[in-house]
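Descriptive structure summary
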Amino acid sequence: MTTPTERAESALWGLAIGDALGMPTQLMSRSEVERRFGTITTFEPAAADHPIAAGLPAGSITDDTEQAILLARHLLAHGGHVDAAAFARELVAWEDDMRARGSLDLLGPSTKAAVAAILAGTPVEDAGRFGTTNGAAMRVTPVGLSTPSADVPGLVDRVVEASKVTHNTGVALAGASAVAAAVSAGIDGASLAEAFGVAIEAARLGAIRGRWVAAADVSRRIEWAIGLADPADAYGSVRTLYELIGTSLATQESVPAAFGLLATHPDDPWTACLAAASLGGDSDTIAAMAGAIGGACMGTAAFPADAIDTVRRVNRLDLETLARDLLALR
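Residues numbered from 1 in each chain as written. Predicted model: local features only at pLDDT ≥ 70, side-chain atom pairs only at ≥ 80, totals over all residues. Heavy atoms only, no water.

Turning our eyes to something else, we now look at the overall build of the chain. Looking only at helices and strands, the chain features 18 helices and zero strands. Overall, the chain is about 50 × 40 × 40 Å in size when its C-alpha atoms are taken along their principal axes. Sorting the 330 residues of the chain into buried and exposed places 60% on the buried side. Total accessible area on the chain is roughly 12,000 Å²; 54% of this is exposed by carbon and sulfur atoms. Positive and negative charge centroids in the chain, built from 24 and 39 side chains respectively, lie 4 Å apart. (Helix = DSSP H or I, 4+ residues; strand = E, 2+ residues; numbered from the N terminus. Buried < 20%, exposed > 50% of the residue type's maximum accessible area, 1.4 Å probe, protein only. Areas by Shrake-Rupley, 256 points an atom, 1.4 Å probe, with all protein chains shown as cover. Lys, Arg positive; Asp, Glu negative; His and termini not counted. Charge placed at Lys NZ, Arg CZ, Asp CG, Glu CD.)

As structure tokens, this is what we get:
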């Protein structure tokens, strides 16, 4: 059995690996992915005409991993908590740095609007009231590393604290709570099935936090996505998830899709991430969430060593130190 440290490291590497696998297929339809790549079986470079990632080499991460690292460093600097105004300023500085590097993968719509509102003087509780997309869920993995899963309401409190600056709506908080709880449970030794149960409980609690918006219930859709999965018919399951659950930036689509893909490949997070990258839509975020949860539950066996080496080399990442430091906050 792997140690909590190994599972924490694997969660962060899983997030980055999934992100890099989905980088070249994000914003494409499933049919376009099949036409250009067939089925994703390894890291691929982005096409020259990609609207966001044009020219990025194979193995490159995107804003999903970048923002997760930003949140991780903020948590470490603030004793596991989030200073909303300071985090808003850090997000702006991050986007300025990305733009200076020539990247088009900048702040998402919910995050951008909320950060601008905070910097203009809007109270934090109001700034994120329209944030319904999956930006909170995509970057929340460090909260799962730094917070134990035994106290699910307490974990949801930490998710809300980290997310409300940009995504203070029930649907977004439900999605972020599900991802953080599944990661945290995995680090505490839960199996994938057990982590699913904790995630569903956390999603139910997250849904009643923040501002209400009209949206499907994330916890029920996670249950539905898991129920649609058939490991004996992976191709059919992936097609069903694409058609019924959806792969857009909407939290109630992308978060359940990640859980459904893990349920389709319950013993192989690497293959789950490959399937997510082959989906199209918000493929990098779906793969990143699946990779983080699968890595937390499986530990060192979750991903090929050469996949970690590729993402480490291409992006010059040291996620082991970050994982150990976050784990010390638990």
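Read on, since the account is not over.
On to unusual backbone geometry, then. In this structure, L27 takes a positive phi of about 75 degrees despite not being glycine. Relative to the helices and strands, L27 is located in the loop between α1 (4–22) and α2 (30–37). Judged by relative accessible area, L27 falls into the partly exposed class, the value being 47%. The phi dihedral of R316 falls on the positive side, at around 55 degrees, and the residue is not glycine. R316 gets classed as exposed once you look at its relative accessible area, which sits at 80%.

The next subject is helix α15 (residues 269–279). Summarising burial for α15: ten of the eleven residues are buried, a large majority. Along α15, the positions that sit buried rather than exposed are P269, W270, A272, C273, L274, A275, A276, A277, S278 and L279. Of the surrounding elements, those touching the buried residues of α15 are α1, α2, α13 (234–245), α14 (251–264), α16 (283–298) and α17 (305–315). (Contact = heavy atoms within 4.5 Å.)

The next subject is the pattern of salt bridges. For side chains bearing opposite charge, pairing can occur when the charged atoms are close. Under the defined criterion, the tally for this structure stands at nine salt bridges. With its nearest N and O atoms 2.8 Å apart, the salt bridge here joins R209 to D157. Here D157 lies in helix α9 (residues 152–163) and R209 lies in the loop between α11 (192–206) and α12 (218–228), a separation of 52 residues in the sequence. For E223, the salt bridge goes to R204, with nearest N and O atoms at 2.9 Å. Of this pair, E223 sits in helix α12 while R204 sits in helix α11; the two residues are 19 residues apart in sequence, bridging distant segments of the chain. E223 sits in the partly exposed class, given a relative accessible area of 32%. What emerges from the salt-bridge pattern is a single network uniting E32, R35, R36 and D49. (Salt bridge = Lys/Arg side-chain N within 4 Å of Asp/Glu carboxyl O.)

Two elements in contact, α1 and helix α3 (residues 63–77), have axes separated by 8 Å at closest approach and are oriented at 155 degrees. In terms of orientation, α1 and α3 fall into the roughly antiparallel class. Residues L15, A16 and D19 of α1 pack against D64, T65 and A68 of α3. (Axes fitted to C-alpha atoms, helices over the stretch in contact; angles between N-to-C directions. Parallel < 35°, antiparallel > 145°, perpendicular 65-115°, else oblique.)

Tracing the chain through its elements places G38 in the loop between α2 and α3. For the pair G38 and S278, spaced 240 residues apart in the sequence, the C-alpha separation amounts to 8.1 Å.

Counting across every chain of the model gives zero disulfides. C273 takes part in no disulfide bond, and the closest cysteine sulfur to it belongs to C297, at a distance of 12 Å. Judged by relative accessible area, which is 0%, C273 ranks as buried. The class for C297 is buried, based on a relative accessible area of 14%. (Disulfide = S-S within 2.5 Å.)

Moving on: the side chain of T264. Residue position: T264 is located in helix α14. Residue classification places T264 among the buried residues on the basis of a relative accessible area of 2%. At a separation of 2.8 Å, a polar atom in the side chain of T264 contacts the main-chain carbonyl oxygen of G260. What T264 contacts, discounting residues up to four positions off in sequence, is A229, D230, P231, A234, S237 and L241. (Polar contact = N/O pair within 3.5 Å; in protein donor to acceptor, adjacent residues only side chain to side chain.)

Taken by themselves, the reported measurements are silent on function.
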